[in-house]
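Topology and contacts: notes
If you want the building blocks of each chain, they are given just below.
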Amino acid sequence: MSSFSGGWRMRVALAAVLFAEPDLLLLDEPTNHLDLEATVWLEAYLKSYPRTLLLVSHDRQILNSSVDHILHLDQKLLTYYSGGYDDFEKLRAEKIAQSRALTAKQEERRKHLQSFVDRFRYKASKARQAQSRMKMIERLAPIAILQEDPSVVFDFPAPAELSPPLIAFDGVSVGYQPGHPILKGIDLRIDPDDRIALLGANGNGKSTFAKLVAGRLEPLTGRQHRSNKLRTGFFAQHQIEDMEPDGTPFSHLAALIPKARELEIRNRLGRFGFSGDKAFVKVKDLSGGERARLNFALITFDAPPMLILDEPTNHLDIDSREALAEAINEFSGAVILISHDWHLLELTADRLWLVANGKVQPFDGDLEDYRKLMLGQRGGQKRKEAEAKPAKPVDAPKPVEKPRGGERRRVLETLRRTARDAETAVQRLTANKAELEAELIKPRLEAARRVELMRRQAELARALETAEAAWLKAEENLEEVSAT
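Reading guide: rules and limits
- Residues numbered from 1 in each chain as written.
- Predicted model: local features only at pLDDT ≥ 70, side-chain atom pairs only at ≥ 80, totals over all residues.
- Heavy atoms only, no water.
- Helix = DSSP H or I, 4+ residues; strand = E, 2+ residues; numbered from the N terminus.
- Buried < 20%, exposed > 50% of the residue type's maximum accessible area, 1.4 Å probe, protein only.
- Areas by Shrake-Rupley, 256 points an atom, 1.4 Å probe, with all protein chains shown as cover.
- Contact = heavy atoms within 4.5 Å.
- Pairing = 2+ DSSP bridges.
- Core = buried A, V, L, I, M, F, W, Y, C linked by side-chain atoms within 4.5 Å.
- Phe/Tyr/Trp six-rings, centres within 6.5 Å; stacked < 30°, edge-to-face > 60°.
- Lys NZ or Arg CZ within 6 Å of the ring centre and 35° of its normal.
- Right-handed = clockwise from strand over helix to strand, strands pointing away.
- Axes fitted to C-alpha atoms, helices over the stretch in contact; angles between N-to-C directions.
- Parallel < 35°, antiparallel > 145°, perpendicular 65-115°, else oblique.
- Left-handed = near helix turned anticlockwise from the far one by under 90°.
- Nonpolar A, V, L, I, M, F, W, Y, C, P; charged D, E, K, R; others polar.
- Salt bridge = Lys/Arg side-chain N within 4 Å of Asp/Glu carboxyl O.
- Patch = residues over 30% accessible without salt bridge, like charges linked within 9 Å, V, L, I, M, F, W, Y side chains within 5 Å.
- Lys, Arg positive; Asp, Glu negative; His and termini not counted.
- Charge placed at Lys NZ, Arg CZ, Asp CG, Glu CD.

Of the regular secondary structure elements, the protein holds 16 helices and 14 strands. Sorting the 484 residues of the protein into buried and exposed places 40% on the buried side. Total accessible area on the protein stands at roughly 28,300 Å², and carbon and sulfur atoms take up 52% of it.

Dropping the structure here:
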């Protein structure tokens, strides 16, 4: 496992838990480190998961497609909303607006009562009324005001204008060893206002192409034209991990621009939410989202005309992702995006390039076309074809005959025996399942044994479900015949 990338480790972890088909499936940020293709598959799988799912995620797309209720944690309270994430966002906005309106009305009422008290509290003829209104003011219970989440800041500095194209490739091949290209035959150009999303499964060469665009890899063959003044800001996950833990946002940025004055450095950090004392908090004490914002501040310190963003949302919450999308759209330079965040791509990308089979080519279609392509390649097409076939008519269950006399007694005895056997089977399977689960929670359980137990647990759960259905049916038949 130590030799696998974060994306493959996440795939292994998901495979282990999904294989067991648990009654309660708990997933905490399952799309982190996955590529777009794996995220599309997971979304389709969770959408039809037949049991209970509890999902913690900052991926708006998967929350909209896979869940039907939202539990929102705010100020140590959980609030329950029906629907997906978009429904939650709308309902919460309405609640915030209502709480503000009620607060405004209450404040107006308070001021009106206080005005009467101030005017007449020392006038003998009005003293009783003034006292009454003072008690009314005291009884005005404060309204719990719903607070909007604090706004997140992304403010990319405006780059200098460059003439198009920024980069043009003509028959370029690229790789890490001469004679062994990973990508070849690249004939593409990138202009100053392009918003390009790179599609393709992990391992197909997206990062290799990004390094070629950034100038970190030279072409093995072919020609490239690159603007003389082109600089790139490259966002990558390892940059967040490689930050100096005891350094601060101020010290990290100051190292890049040593001649800058303190005020200039603080102003630049402020554009990304590090104002005041926040600029001097140690990196090890920053959240993942704050480190990501700091990384954005570092890669844009010299206002590059092109940004290359490789999975920029892994550590960002939903509000931060929205702020990033807005910043990308307002940025006047070119942007190359590699991301599993479907929503971010929909908001920002206007060109799609597919990296596959050793080539980089424009994708003929939109993101929804690409989703269908991915699901078709992973067996979704077969599922759709099966669903399209007319279902075979199901015969109506035959009514239980109502026998008489001695025959009735024999039938009743048979039904009682069937019901007892079914109940015994349920009890046996329940006990087996409890014993297995008790062993599963033992510490230091060998990996191979754990996998075997999880497989057996899934089999027992299915067998128990079948046995319970048979028991219920037997009891219904017995009750029906007994009533005759």
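Here the focus is the side chain of N314. Relative to the elements of secondary structure, N314 occurs in the loop between β11 (306-310) and α11 (318-330). Non-local contacts of N314, meaning those with residues more than four positions away in its chain, are made with N32, H33, Q237, R321 and H340.

Quick look at the pairing of strand β3 (residues 69-74) now. Only one face of β3 is buried: it carries I70, H72 and D74, and the other face, with H69, L71 and L73, is open. As consecutive antiparallel partners, β3 and strand β4 (residues 77-82) are separated by two residues, and within that stretch Q75 has a phi angle of approximately 55°, a positive value.

Let's shift gears to the nonpolar core. Counting residues in hydrophobic clusters, the biggest one holds 48 residues, and the most contacted among them are F156, F296 and L309. Tallying contributions element by element places helix α10 (residues 288-299) first for this core, with six residues. When sequence neighbours within four positions are dropped, the list of residues in contact with F156 reads R271, F272, F296, T300, L307, L324, A327, I328 and F331.

Okay, the packing of aromatic side chains next. Counting across every chain of the model gives 13 aromatic pairs. With 4.6 Å between their ring centres and 25° between their planes, F235 and F296 make a pair best called stacked. Here F296 lies in helix α10 and F235 lies in strand β10 (residues 232-235), a separation of 61 residues in the sequence. Its relative accessible area of 0% is what places F235 among the buried residues. It is R11 that lies over the ring of W8; its NZ or CZ is 4.6 Å from the centre. Cation over ring: R371 sits above W342, and NZ or CZ is 4.2 Å from the ring centre.

Across the five residues that make up strand β12 (residues 334-338), a large majority, five, are buried. In the sheet, β11 pairs with β12 via five bridges, with the strands oriented parallel. Paired with D310 across the bridge in β12 is I338. In this view, the connection linking β11 to its parallel neighbour β12 by way of α11 has right-handed handedness.

What follows concerns the packing of helix α8 (residues 249-256) against α10. Where α8 meets α10, the closest approach of the two axes is 10 Å, and the angle between their N-to-C directions is 15°. It follows that α8 is roughly parallel to α10 by the angle criterion. In the crossing of α8 with α10, the sense of the turn from one axis to the other is right-handed. In contact with P249, H252, L253 and L256 of α8, α10 contributes L294, A297 and L298.

A separate point is the packing of α8 against helix α9 (residues 262-270). In the contact formed by α8 and α9, the axes pass within 10 Å of each other and the chain directions differ by 115°. Here α8 and α9 pass one another in a crossing that is right-handed. Between α8 and α9, the contacting residues are P249, F250, L253 and A254 on the first element and E262, I265, R266, R268 and L269 on the second. Across the contact of α8 with α9, the residue classes break down as six nonpolar, no polar and three charged.

So, on to the sheet that holds β12. Pairing is mixed across the open sheet formed by six strands, whose spatial order is β10-β11-β12-β8-β13-β14. A single partner strand is all that each edge strand has here, and the edge strands are β10 and β14 (359-362). The sheet shows a mean angle of 20° between the axes of neighbouring strands, taken without regard to direction. The strands touched by α10 within the sheet are β10 and β11, with β10 carrying the most contacts at an inclination of about 160°.

Oppositely charged side chains can form a pair if their charged atoms are brought close together. If you walk through the whole model with that rule in mind, you get 22 salt bridges. Between D86 and R60 there is a salt bridge, with the nearest N and O atoms lying 2.9 Å from each other. On the criterion of sequence distance, the pair formed by D86 in helix α4 (residues 85-120) and R60 in helix α3 (residues 60-66) is long-range, its members being 26 residues apart. Taking the relative accessible area as the measure of exposure, D86 reaches 39% and is therefore partly exposed. Close ionic contact of E322 with R60 constitutes a salt bridge, the shortest N to O distance being 2.9 Å. Linking E322 in helix α11 with R60 in helix α3, this pair joins segments that are 262 residues apart in sequence. Through salt bridges with shared partners, a single ionic network connects E21, D23, R51, R462 and E465.

On the surface, E346, D364, D366 and D369 cluster together into a negatively charged patch. Here E346 shows up in helix α12 (residues 342-348). Of the residues examined, E346 reaches a relative accessible area of 46% and is grouped as partly exposed.

Looking along the chain, the bond that leaves P164 and enters P165 is cis, with omega of -5°. Along the polypeptide, P165 turns up in the loop between α5 (127-139) and β5 (167-177). Notably, E29 is not glycine yet its phi reads approximately 50°, a positive angle. Mapping E29 onto the fold places it in the loop between β1 (24-28) and α2 (36-47).

Another aspect to go through is a nonpolar patch on the surface. Residues M1, F4, W8 and V12 make up a contiguous nonpolar surface patch of roughly 400 Å² in combined accessible area. By secondary structure assignment, the location of V12 is in helix α1 (residues 6-19). Residue classification places V12 among the partly exposed positions, given a relative accessible area of 34%.

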